[in-house]
Amino acid sequence: MKYVIIELTDGNIRNSHIYLSKALSLFPESSIGGENLDARAEEVEIHYGTGHPIMTDIAGDKKIFRKRAWVKDFFSIHELCAGDKIIIERTGGSRYHLFPARTL
């Protein structure tokens, strides 16, 4: 699997996170950490449209990206709301690209 489509929820928008349950198979097991900062894992590189990638691991207990401040920017830049879909694409190694799934 090279990419996954995820539908955003009200909770995603309100709490600035993305549920990764459907996308976990895209990520190396080594990038999935524990529930707190002491249990961090290897970071992956996330590109989301700003030109500045984010390095983060996945909080395994919640199945969300551990660093989340950038997610609010991602939602805002792309004017996303609940019900919209995004694509998480593995572009090589530990590099990923997140972008809106637009309908015409």
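Residues numbered from 1 in each chain as written. Predicted model: local features only at pLDDT ≥ 70, side-chain atom pairs only at ≥ 80, totals over all residues. Heavy atoms only, no water.

1. Here's the deal with the pattern of salt bridges
Considering all chains together, one arrives at four salt bridges under this definition. Salt-bridge contacts for Glu43 lead to Lys67; the nearest nitrogen and oxygen are separated by 3.2 Å. Residue Glu43 is located in the loop between β2 (32-33) and β3 (44-47), and its partner Lys67 is located in the loop between β6 (64-65) and α2 (69-77); the two are separated by 24 residues in the primary sequence. Residue classification places Glu43 among the partly exposed residues on the basis of a relative accessible area of 36%. (Salt bridge = Lys/Arg side-chain N within 4 Å of Asp/Glu carboxyl O. Helix = DSSP H or I, 4+ residues; strand = E, 2+ residues; numbered from the N terminus. Buried < 20%, exposed > 50% of the residue type's maximum accessible area, 1.4 Å probe, protein only.)

2. Regarding the environment of Ala39
Tracing the sequence through the fold places Ala39 in the loop between β2 and β3. Here the alpha-carbon distance between Ala39 and Gly11, two residues 28 residues apart in the chain, equals 25 Å.

3. Points about the packing of aromatic side chains
Tallied over the full model, the rule gives seven aromatic pairs. Taken together, a centroid distance of 6.2 Å and an interplanar angle of 80° make the contact between Tyr48 and Phe74 edge-to-face. With a gap of 26 residues between them, Tyr48 in the loop between β3 and β4 (54-56) and Phe74 in helix α2 connect regions that are remote in the sequence. Across this residue pair, the class does not change: Tyr48 and Phe74 are buried. Here Phe74 and Phe75 contribute two aromatic rings whose centre-to-centre distance is 6.0 Å and whose plane-to-plane angle is 45°, an arrangement assigned as tilted. A residue is classified by how much of its surface remains accessible, and Phe74, at 0% relative accessible area, is buried. Assessed through its relative accessible area of 5%, Phe75 is described here as buried. (Phe/Tyr/Trp six-rings, centres within 6.5 Å; stacked < 30°, edge-to-face > 60°.)

4. Side note on the sheet that holds β2
Taken together, three strands build an open sheet; the order of strands is β2-β5-β6 and the sheet is mixed. One side of each edge strand has no neighbouring strand; the edge strands of this open sheet are β2 and β6. The pairing of strand β5 (residues 58-59) with β6 spans two bridges and is classified as antiparallel. In the strand pairing of β6, Ala59 is matched with Ile64. (Pairing = 2+ DSSP bridges.)

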